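# Residue-level structure breakdown
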Amino acid sequence: MNNPTHSYDAIILGAGAAGLLCAAESAQRGRRVALIERADRIGKKILISGGGRCNFTNLHCAPDNFISENPDFARSALTRYTPADFIALVRKHRIAFHEKTLGQLFCDDSATQITTMLETECRQAGVHLFLDTHIAEVVHDSTGFRVRTNSSDVVPSLGAAPFGFKGAGLDPNLALTNVSSQTSEFRAPSLVVATGGLSIPKMGATSFGYDLARQFKIKIIPPRPALVPLLFNAADQKNFAELAGVSIEVIATSNDHSFREAMLFTHRGLSGPAILQASSYWREGQPIYIDLAPGRDVTASLRTTTARTAIAIRAALNFLPKRFASRWLDLNTPPSWTNAGLATFEKTLHAWPIFPGGTEGYAKAEVTAGGIDTRELSSKTMESRKIPGLYFIGEVVDVTGHLGGFNFQWAWSSAHAAAQAF
Ligand SMILES: Cc1cc2nc3c(=O)[nH]c(=O)nc-3n(C[C@H](O)[C@H](O)[C@H](O)COP(=O)(O)OP(=O)(O)OC[C@H]3O[C@@H](n4cnc5c(N)ncnc54)[C@H](O)[C@@H]3O)c2cc1C
């Protein structure tokens, strides 16, 4: 069985969230599908997502929850495969879930249930999954796509011990098994790129999708880490590093986008949901404004009294964590005790400008913003306008969700859009 050629209707590269759903749905439509994954197991990011419980969608999903150079692009796919569609699939597999906050849906038990569900859908539809398979080359000619791989091939077989999955709820009659280590060639008229972004390289993230786009002269919006903790600049590092562990409810504003959630001080900078959200809109050199007292008129009581003292202002800040309030007052006293001086103090509390020194980078970024320029793709099918038969889905595309289940919803919606097209 040297250098075998496998012929399919579609080859899907990457068995993450988008690749798995796309493979299952297209195989259910009768397509012969090969799903090729570089890692030794499927859906590694699903497994670590949502703190191990996978925040798999958000009930309030709307196009406004996504960032893209082409903001309208996501609308069509999001409308045709909604949170309700994915919830129906989750219910079909009897996975218990709950709403945590702000429409965020999590598994009650474990993210493994989502990978098992997708794997089951793939198996039952007859998807051929090839794990631990490295792509050496992709060639496109008049007959379609040829993908050359170096691999430990994994092909469907009856009754064999599963490879890489160690039996998590598998149907033994549909188990996958390791056949041999070899070079193979896959051929298909359709090729779907679902290889994700650059976030968390130690989990196997690769630049494959972007490299392939370059090979086909498809434009890319420069990728950047998003939903990522921010680093202090040198001065803030000196002033605030000792506050590591302090958390405050704030409104963080970056490029006119505001998020009211928790902000967390770390040893090197700022994190917490408010900052992660703001980070996706932040660009090098720009400020992020922090409202430390959302909805409060902190100095109101001082303005109506003549007892305008350091003690009174400390008392007015008692809604903030003590360590932070104390540091804040070391660095920010009212310039005078007049109403104008108090107004300046109040203003800074509501719009503290932070100039981050940078981000924690892809090692800590939950997603990669930027990616395949959506103007290159059909919003209905995710197919390349230049190269018929070539599709890009999921995080590799320049569509990035807010925190809260939106990135998975984009993976599901874009996967569904492509799966209907070939
Ligand atoms: C720690 C963490 C927690 C997260 N939690 C949530 C959450 O709770 N809710 C949410 O909505 N989003 C969450 N996300 C984001 C979410 O995981 C991603 O947006 C989503 O997984 C993207 O799906 P995808 O299929 O496009 O890419 P991925 O899930 O990254 O899948 C890409 C697949 O392609 C494979 N691959 C890469 N290169 C190659 C190659 N050259 N050849 C073959 N295969 C390759 C990878 O191994 C991987 O299996 C989280 C991300 C992280 C890092």
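What counts as what
- Residues numbered from 1 in each chain as written.
- Predicted model: local features only at pLDDT ≥ 70, side-chain atom pairs only at ≥ 80, totals over all residues.
- Heavy atoms only, no water.
- Helix = DSSP H or I, 4+ residues; strand = E, 2+ residues; numbered from the N terminus.
- Buried < 20%, exposed > 50% of the residue type's maximum accessible area, 1.4 Å probe, protein only.
- Contact = heavy atoms within 4.5 Å.
- Expected span 1.5 Å × (residues − 1).
- Near = heavy atom within 4 Å.
- Polar contact = N/O pair within 3.5 Å; in protein donor to acceptor, adjacent residues only side chain to side chain.
- Areas by Shrake-Rupley, 256 points an atom, 1.4 Å probe, with all protein chains shown as cover.
- Axes fitted to C-alpha atoms, helices over the stretch in contact; angles between N-to-C directions.
- Left-handed = near helix turned anticlockwise from the far one by under 90°.
- Nonpolar A, V, L, I, M, F, W, Y, C, P; charged D, E, K, R; others polar.
- Pairing = 2+ DSSP bridges.
- Phe/Tyr/Trp six-rings, centres within 6.5 Å; stacked < 30°, edge-to-face > 60°.

With that settled, the discussion passes to the overall build of the protein chain. In terms of helices and strands, the protein chain carries 13 helices and 23 strands. Projected onto the principal axes, the alpha-carbon positions of the protein chain cover approximately 90 × 45 × 35 Å. In the protein chain, buried positions account for 54% of the 422 residues. Here the contacts in the protein chain between residues at least 6 apart in sequence split such that 73% fall between residues at least 24 apart.

This part covers helix H1 (residues 17-28). In this model, H1 (12 residues) spans 17 Å end to end at C-alpha, consistent with the 16 Å of a helix rising 1.5 Å per residue. Along H1, 11 of the 12 residues are buried, which leaves the element largely enclosed by surrounding structure. Residues of H1 that are buried include every one of Ala17, Ala18, Gly19, Leu20, Leu21, Cys22, Ala23, Ala24, Glu25, Ser26 and Ala27, and no others. Positioned one or two residues after H1, Gly30 has a phi angle of 95°, which is positive.

Lining the immediate surroundings of the ligand are 28 residues, of which Ala18, Glu37, Thr206, Glu395 and Phe408 lie closest. Within the side chain of Thr206, a nitrogen or oxygen atom sits 2.6 Å from a nitrogen atom of the ligand. The separation between an oxygen atom of the ligand and a polar main-chain atom of Phe408 is 2.8 Å. Starting from 990 Å² of accessible surface for the ligand in isolation, the protein chains cover 92%. Among the secondary structure elements, those contributing two or more residues to the shell around the ligand are H1, helix H2 (44-48) and helix H13 (406-419). The element contributing the most residues to the shell around the ligand is H13, with three residues.

On to the packing of H1 against H13. Between H1 and H13, the shortest axis-to-axis distance is 8 Å and the interhelical angle comes to 35°. Crossing geometry of H1 relative to H13 is assigned as right-handed. Between H1, through Ala17, Ala18, Leu21, Cys22, Glu25 and Ser26, and H13, the contact on the second element is made entirely by Phe408, Ala411, Trp412, Ala415, His416, Ala418 and Ala419. Here the residues of the contact of H1 with H13 sort into 10 nonpolar, two polar and one charged.

This part covers the pairing of strand E2 (residues 10-13). Here E2 shows a buried face lined by Ala10 and Ile12 and a second buried face lined by Ile11 and Leu13. Bridging between E2 and strand E3 (residues 33-36) involves four bridges; their strand directions are parallel. Across the sheet, the residue bridging to Leu13 is Ile36, located in E3.

In the Ramachandran plot, Arg94 falls in the positive-phi region, its phi being about 55° despite a non-glycine side chain. Mapped onto the elements of the fold, Arg94 is located in the loop between helix H4 (83-92) and strand E6 (97-99). You will see that Leu227, though not glycine, has its phi angle at about 45°, which is positive. Inspection of the secondary structure puts Leu227 in the loop between strand E13 (220-226) and strand E14 (230-231). Judged by relative accessible area, Leu227 falls into the buried class, the value being 1%.

To continue, consider the packing of aromatic side chains. Across all of its chains, the model carries 20 aromatic pairs by this definition. Considering the side-chain rings of Trp328 and Trp352, the 5.2 Å spacing of their centres and the 80° angle between planes classify their relative orientation as edge-to-face. One end of the pair, Trp328, is in helix H11 (residues 322-331); the other, Trp352, is in strand E19 (residues 352-354), and 24 residues separate them in sequence. For Trp328, a relative accessible area of 0% translates into the label buried. Judged by its relative accessible area of 7%, Trp352 is buried. Among the aromatic residues, ring-to-ring pairing joins Phe232, Phe240, Phe265, Phe324, Trp328 and Trp352 into one connected group.

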